[in-house]
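Chain by chain, the residues run as shown.
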Amino acid sequence: MIEQYVVQASTYAADIDNVILLIAVLTGFWFFAAQGMFFWLLFRFRERPGHKAEYVTGDEPDLKRWINIPHILIIICDVFIVAAAIMVWVNVKQTLPEADRTIRIVAQQWAWTFVHPGPDGQLDTDDDITMIDELHVEVGQVYHYQLESTDVLHDFSVPVFRLKQDAIPGRRIVGWFEPTLPGHYDIQCAEMCGIGHGLMGARLFVETPEQHAQWMRDRGEILARAH
Amino acid sequence: MMKPVATTRSAAGISTGMLAVWWLLASEIVIFGGLLASYIMHRLAHPEWAEYASHTNTWIGTLNTFVLLSSSLSAVLAHHAAEKGDGKKAAKYLLVTIGGALTFLVVKSIEWSIEIHHGYTITANGFWAFYYVAAGIHASHVIVGAIVMGWVAWYANQNRELQRVEMVGVYWHFVDIVWIFLFPLLYIAK
Amino acid sequence: MASQNENFFLKYFWSTDHKIIALQYMFTGMAMALIGGYFAYAFRMQLAFPGAEIPLVGVVTPHEYNAFVTNHGTIMIFWVAMPVLIAAFGNYLIPLMIGADDMVFPRLNRLSYQIFLLSAIILVASFFVPGGGFGGAWTAYPPLSADGAYNLTPLGASMWVTAVALEFVAFLMGGINFITTAMNSRAPGMKAFDVPIVIWFIVIASILFMASVGPLIAGAIMLLFDQQIGTGYFDARTGGDPVLYQHLFWFFGHPEVYVVLLPALGIVAEIITVFSRKKLFAYKIVLYTAIATGVLSFFVWAHHQFIAGIDPRMANIFTVTTVLISIPIAEMCFVYIATLYGGSIRFTVPMLWALAFMAEFLIGGVTGIFLGASGADIYFHDTYFVLAHFHYTFFPIAIIAVFAGITYWFPKMFGRMMSETAGKVHFWITILTFNGIFIPLFVLGAWGQHRRIYSYEHFPDLWELQPLRIFATTCLVIMLLAQVIFLVNFFVSMLRGKKAGNNPWRANTLEWTVPSPPPHGNFETLPVVHRGPYEYSHPDHDEDFWPQDAAPAAESAS
Ligand SMILES: [Cu+2]
Ligand SMILES: [Cu+2]
């Protein structure tokens, strides 16, 4: 259901959307069942002249069934939800597939610095491409990100990837994503970081291999001219 | 002001004042619990804090432990006297306990002066930050305890409100027990 | 006891009477709610019309926006929900409903209120100091909150922490009073299961608060020291840990949800039984599910921190515990709905509010599952979905249940009835606009819109959704205007309403056996209790209600 609002641009976006859909179906069923019962009772047992309310304690077995059976069914639904959520979680946050490339993301009040590996594919070499508030990635490549903060908490959030991770000063947090859909998208800061928090957006450029190579050549020229 | 009838009831089978003291202690345990749990987590994450901790003065700490334990003893004796209805004697024992509290505070301030003089201030590093705050919050309980004991002793001396002697005694034992936790955590673990 | 010629100040500002103190809490809470509502108006208008000159506010700067958002949350939870639900209703109802003449510690009670008032004054004053009010979100995560160089409100931040810590102290003292009173001062004959559910729930809430707030009090002291003397408990550069604060905060923060939820559920239980003329369905199940929820609530806190840099393996444990908590809560919802079965339901104003609570809270409950399930929370964390979710829990708690309670006990508090017509108009406008505000926000959250952003102009993917924001803001403005109806109804009825008599709703609990409003000392002769609180439509009794203190027929005949 989320894909109708926000496109899926990473390998795990669909998994996360499916968990959300599963929860929506299961809780939706209980929600409508409970509301339906609720409004039916309100109508059925509205005050009418000559009718006295029944005296029911709640210990009657035939009435208690109406509580106990849904109770057990809800536990079963919970098991499905927990299992689905944990499976996706383990895939997204707990495992780290082999990286094709590694980027560094440095958050500060109130900007993002993205350090891309240059043509050599290695981070921390002379041809690194550093950009402010612009992240360029290539489809079909597994990226590791190293997330850092120089001051307060920030959060690197890319809705189209279904990716979100806090940046914590003093730590380097590593995670992964694999883009699947070319285009440009919003990056947001998802942790209150001060006055400029509302300005702390950035743009994500998911590029085809050709576009990406072209971008890298352009940056290389700019870099060469600067030297 | 007259006491409401509510205060004199005891549906739970325990006097209202005593019940409130226990709930007060329950809330205090959680406060100290949160503080000490934070400290222990940091200690485990930072082996280098053991070196910082080695600059605390175990002898002064031991002396203060002894002072506090003895003051708890006189609080027990005050309670015994109060149970026998001897308010004057209870008040005297409470004064001894207050003396212990004051000794504790004097020793503590000498200790802190020496440490601050050596540059171990609250901002020196994480260990000293916890050291001063944990011991400081404890010391503020000692001060409050001493004041309350003075007030209870004043009444006890006139043979009034003798049940309060036991309540303040329970509180004082608690202050004592908190120190029994702080002492090894701050002084001995090096 | 109170003499007749007490002056006005002593009677209303220095009183130790639990009912006066309850009203002090209630009016302070209502005043704070107006401030919190004003803040909501200011930031919602800014979101709908970024950069515009807003009537009664002016142009909202990013800093003011953050301060409004932060303090809106802080005020609504700590200075509205807490004082009104726990302190006002707790103070008013506990002695009356258990058949006592006052709280066990009246002067401690007065002191709690005074500390609470002081904390409210400090919070409001923080907006007028150099640098302005604190804007680092109501959670106040360090390092942002710990360092004036980061938050740019060095004074406002410290006043905020001080105010919150003082408020905690006030409620700890108040809680000890509530728990002790309820445990020790019940009327003769009132056994544990004869205590009205609302009293049980206020007591359980007080115990939850007491058991959870301690670490955060320690955390507040550490934060204050970090701010003012530079200690660095939460500063990674000096060996501190910013995430530690989050644990301290949410170890309290999640149980806090139940601290305010339980009194609200209690109020609803009293009202639905009276107006459906039914015994509460399965009293003991209600009680046990509340206790189970309370205990579980101590083991779920890290669901707020799934993506905050905690060990990802921890998230699995907390997903299980969080989803588990849905079991007792769902059970409780079912039991409340079952109470309506076989009833004779009267749709009075308090009943409408109580029913609305059940219907709306259900939405808050089911949407919570999305956030407690780690895999789904990766997407929803910090979006407007979270915001809409907790407003579907907190609005029913802090607003709907409070209106239910006020309209129900108003006749007891002031001796007069409120207007039914005005009450119904106010009810329908408030409920419809409430849904009108937050359903669009669910949609925006599904669209990935993040919180605490003062204008979405800088986010091309989100800017096109502006009509939804304008709709939500329009609903908010209508809702705020509708509160005038309530305030007029409240104050006019207080002076001119129809006389209520002792028991206008024909209810069973003890507060309805005394005059309205009850005199100082409450009961002429302290009552003896003969039965449970919910014996409505009992087959052995002619009338459809049977007050708790009415002597059994056999005894009254002899
Ligand atoms: Cu931010
Ligand atoms: Cu929570």
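About the cut-offs
- Residues numbered from 1 in each chain as written.
- Chains lettered and ligands numbered in written order.
- Predicted model: local features only at pLDDT ≥ 70, side-chain atom pairs only at ≥ 80, totals over all residues.
- Heavy atoms only, no water.
- Helix = DSSP H or I, 4+ residues; strand = E, 2+ residues; numbered from the N terminus.
- Rg over C-alpha atoms; globule rule 2.2 N^0.38 Å.
- Contact = heavy atoms within 4.5 Å.
- Areas by Shrake-Rupley, 256 points an atom, 1.4 Å probe, with all protein chains shown as cover.
- Lys, Arg positive; Asp, Glu negative; His and termini not counted.
- Charge placed at Lys NZ, Arg CZ, Asp CG, Glu CD.
- Buried area = accessible area lost by both parts, 1.4 Å probe.
- Salt bridge = Lys/Arg side-chain N within 4 Å of Asp/Glu carboxyl O.
- Polar contact = N/O pair within 3.5 Å; in protein donor to acceptor, adjacent residues only side chain to side chain.
- Disulfide = S-S within 2.5 Å.
- Donors = N, O, S within 2.8 Å, 3.2 Å for Na, K, Ca; no water.
- Tetrahedral: all angles 85-135°; square planar, octahedral: opposite > 155°, others 65-115°.
- Buried < 20%, exposed > 50% of the residue type's maximum accessible area, 1.4 Å probe, protein only.
- Pairing = 2+ DSSP bridges.
- Axes fitted to C-alpha atoms, helices over the stretch in contact; angles between N-to-C directions.
- Patch = residues over 30% accessible without salt bridge, like charges linked within 9 Å, V, L, I, M, F, W, Y side chains within 5 Å.
- Domains from an automatic or database assignment.
- Nonpolar A, V, L, I, M, F, W, Y, C, P; charged D, E, K, R; others polar.
- Parallel < 35°, antiparallel > 145°, perpendicular 65-115°, else oblique.
- Left-handed = near helix turned anticlockwise from the far one by under 90°.
- Expected span 1.5 Å × (residues − 1).

### Observations concerning the overall build of chain A
Logical step 1: For chain A, the count of helices and strands is 3 helices and 10 strands.
Logical step 2: From first element to last, N terminus to C terminus, chain A shows the α and β order α-α-β-β-β-β-β-β-β-β-β-β-α.
Logical step 3: A compact globule built from 227 residues would reach a C-alpha radius of gyration of about 17 Å, whereas chain A, at 26 Å, exceeds it by more than 25%.
Logical step 4: Seen through its principal axes, chain A has C-alpha atoms that stretch 95 × 35 × 30 Å.

### Quick word on the overall build of chain B
Logical step 1: Across its full length, chain B carries 7 helices and 0 strands.
Logical step 2: Listed by position from the N terminus, the elements making up chain B come as α-α-α-α-α-α-α.
Logical step 3: Along the first, second and third principal axes, the C-alpha set of chain B runs to 55 × 30 × 25 Å.
Logical step 4: In chain B, the proportion of contacts linking residues at least 24 apart, taken out of those at least 6 apart, comes to 77%.
Logical step 5: Total accessible area computed for chain B in this model is approximately 8800 Å², and 72% of it derives from carbon and sulfur atoms.
Logical step 6: Counting 11 positive and 10 negative side-chain charges, chain B places the averaged centre of each group 12 Å from the other.

### A word on the interface of chain A and chain C
Note on interface size: it is often stated as the accessible area lost on association of the parts.
Logical step 1: Taken together, the contact between chain A and chain C spans 81 residues of the former and 95 residues of the latter.
Logical step 2: Summing the contributions of chain A and of chain C, the shared interface buries around 7500 Å²; its carbon and sulfur component is 70%.
Logical step 3: When the buried surface of chain A facing chain C is broken down by residue, A:Tyr55, A:Trp89 and A:Met192 rank first, second and third, together holding 10% of it.
Logical step 4: Here A:Glu47 makes a salt bridge to C:Arg346, at a shortest N to O gap of 3.4 Å.
Logical step 5: Counting the contacts that link chain A with chain C gives 27 residue pairs in polar contact (both at pLDDT 80 or more).
Logical step 6: Listed by contribution, the elements that provide at least two residues to the side of chain A that touches chain C are α1 (13-44), α2 (61-94), β6 (154-158), β7 (163-167) and β9 (183-189) of chain A.
Logical step 7: If you tally residues by element for the side of chain A that touches chain C, the top one is α2(A), at 18 residues.

### With respect to the state of the cysteines
Logical step 1: Enumeration over the complete set of coordinates arrives at 0 disulfides over all chains.
Logical step 2: The thiol of C:Cys333 is unpaired, and the distance to the nearest cysteine sulfur, on A:Cys77, comes to 15 Å.

### Quick word on the coordination of the copper ion (ligand 1)
All names here are of chain A.
Logical step 1: Those donors, Cys189 (SG), Glu191 (O), Cys193 (SG) and His197 (ND1), are the protein atoms that reach the copper ion (ligand 1), and they lie 2.0 to 2.5 Å from it.
Logical step 2: Geometry at the copper ion (ligand 1) is tetrahedral, judged from the 4 donor atoms that bind it and their angles of 88 to 127° at the metal.
Logical step 3: One chain supplies every donor to the copper ion (ligand 1), and in sequence these donors are spaced C-x1-E-x1-C-x3-H.
Logical step 4: Relative accessible area serves as the criterion here: at 1%, His197 is assigned to the buried category.

### Digging into unusual backbone geometry
Residue and element names in this part refer to chain C.
Logical step 1: Going from Pro142 to Pro143, the amide bond is cis rather than trans, its omega being 0°.
Logical step 2: If you trace the backbone, Pro143 turns up in the loop between α4 (106-125) and α5 (148-151).
Logical step 3: Cis geometry is adopted by the peptide bond preceding Pro517, which originates at Ser516 and carries an omega value of -10°.
Logical step 4: Turning to its location among the elements, Pro517 is positioned in the loop between α17 (466-496) and α18 (553-557).

### Remarks on the sheet that holds strand β2 (residues 111-116) of chain A
Residue and element names in this part refer to chain A.
Logical step 1: As summarised here, the arrangement of the 5 strands in space is β3-β2-β1-β5-β8, forming an open sheet in which the pairing is mixed. Of all strands in the sheet, those with a lone pairing partner are β3 (129-132) and β8 (173-177), marking the two edges. Averaged over all adjacent pairs, the angle separating strand axes in this sheet is 25°, with direction ignored.
Logical step 2: Pairing of strand β1 (residues 101-108) with β2, which is carried by 5 bridges, proceeds in the antiparallel orientation. Each bridged residue has a counterpart across the sheet, and for Arg104 the counterpart in β2 is Val115.
Logical step 3: This element, helix α3 (residues 209-226), spans β1, β2, β3 and β5 (143-149) of the sheet and lies at about 95° to β3.

### What to know about a nonpolar patch on the surface
Logical step 1: Nonpolar side chains collect at one region of the surface, where C:Phe8, C:Phe9, C:Leu10, C:Tyr12, C:Phe13 and C:Trp14 lie side by side and expose about 650 Å² of accessible area between them.
Logical step 2: Note on C:Leu10: relative accessible area 37%, which makes it partly exposed.

### Topic: the domain arrangement of chain A
Residues and elements named next belong to chain A.
Logical step 1: Segmentation of chain A into domains returns domain 1 (2-94) and domain 2 (101-226).
Logical step 2: If you average the C-alpha positions of domain 1 and of domain 2, the two centres end up 39 Å apart.
Logical step 3: Tallying the contact residues gives 15 residues for domain 1 and 15 residues for domain 2.
Logical step 4: Summed over both sides, the interface of domain 1 with domain 2 buries roughly 1200 Å², with 53% coming from carbon and sulfur.
Logical step 5: By the criterion of area lost to domain 2, the three top residues of domain 1 are Ala9, Thr11 and Tyr12, representing 43% of everything that side buries.
Logical step 6: At the boundary of domain 1 with domain 2, the tally comes to 1 salt bridge.
Logical step 7: Residues Arg162 and Asp17 are paired through a salt bridge, measuring 2.7 Å at the closest nitrogen-oxygen approach.
Logical step 8: Every element with two or more residues in the side of domain 1 that touches domain 2 is listed here: α1 and α2.
Logical step 9: Broken down by class, the residue content of the side of domain 1 that touches domain 2 amounts to 8 nonpolar, 4 polar and 3 charged.

### Examining the packing of helix α14 (residues 384-414) of chain C against α17(C)
All names here are of chain C.
Logical step 1: Look at α14 against α17: their axes get within 11 Å of each other, and the N-to-C directions meet at 15°. For the element pair α14 / α17, the angle class is roughly parallel. The chirality of how α14 crosses α17 is left-handed. Only Met479, Gln483, Phe486, Phe490, Ser493 and Met494 of α17 make contact with α14, whose side of the interface consists of Phe395, Phe403, Ile406, Phe410 and Phe414.

### Considering the coordination of the copper ion (ligand 2)
All names here are of chain C.
Logical step 1: Within the protein, His254 (ND1), His303 (NE2) and His304 (NE2) serve as the donor atoms for the copper ion (ligand 2), at 1.7 to 2.1 Å.
Logical step 2: Donor residues binding the copper ion (ligand 2) come from one chain and are separated in sequence as H-x48-H-H. Residue His254 is located in helix α8 (residues 242-276), and its partner His304 is located in the loop between α9 (283-296) and α10 (312-324); the two are separated by 50 residues in the primary sequence.

### Here we look at α8(C)
Residue and element names in this part refer to chain C.
Logical step 1: In this model, α8 (35 residues) spans 51 Å end to end at C-alpha, consistent with the 51 Å of a helix rising 1.5 Å per residue.
Logical step 2: α8 sits mainly inside the fold: 33 of its 35 residues count as buried.
Logical step 3: Positioned one or two residues after α8, Arg277 has a phi angle of 50°, which is positive.

### Overview of the sheet that holds β6(A)
All names here are of chain A.
Logical step 1: In space, the 5 strands of this open sheet follow the order β4-β10-β9-β6-β7, with mixed pairing throughout. Strand pairing shows two members of the sheet lacking a second neighbour, β4 (134-138) and β7, which therefore form its edges. Taken over all neighbouring pairs, the strand axes of this sheet differ in orientation by 20° on average, direction set aside.
Logical step 2: Strand direction decides the pairing type here: β9 and strand β10 (residues 202-207), joined by 5 bridges, are antiparallel. When the sheet's bridge partners are listed, Asp186 is paired in β10 with Arg203.

### A look at the interface of chain C and chain B
Logical step 1: Every contact between the two is made by 42 residues of chain C and, on the other side, 34 residues of chain B.
Logical step 2: Carbon and sulfur atoms supply 73% of the area that chain C and chain B bury against each other, a total of about 3100 Å² over both sides.
Logical step 3: At the junction of chain C with chain B, the criterion picks out 0 salt bridges.
Logical step 4: Here chain C is connected to chain B by 13 residue pairs in polar contact (both at pLDDT 80 or more).

### What about the pattern of salt bridges?
Side chains bearing opposite charge may pair, as long as their charged atoms lie close to each other.
Logical step 1: In the structure shown here, the tally under the stated rule is 21 salt bridges over all chains.
Logical step 2: Between C:Lys279 and C:Glu535 there is a salt bridge, and its shortest N-O distance comes to 2.6 Å. Remark: C:Glu535 occurs in the loop between α17 and α18 and C:Lys279 occurs in the loop between α8 and α9; sequence separation between them is 256 residues. Taken as a pair, C:Lys279 and C:Glu535 share a single burial class, namely buried.
Logical step 3: The structure contains a network of salt bridges with shared partners spanning A:Arg104, A:Asp124, A:Glu148 and A:Arg172.

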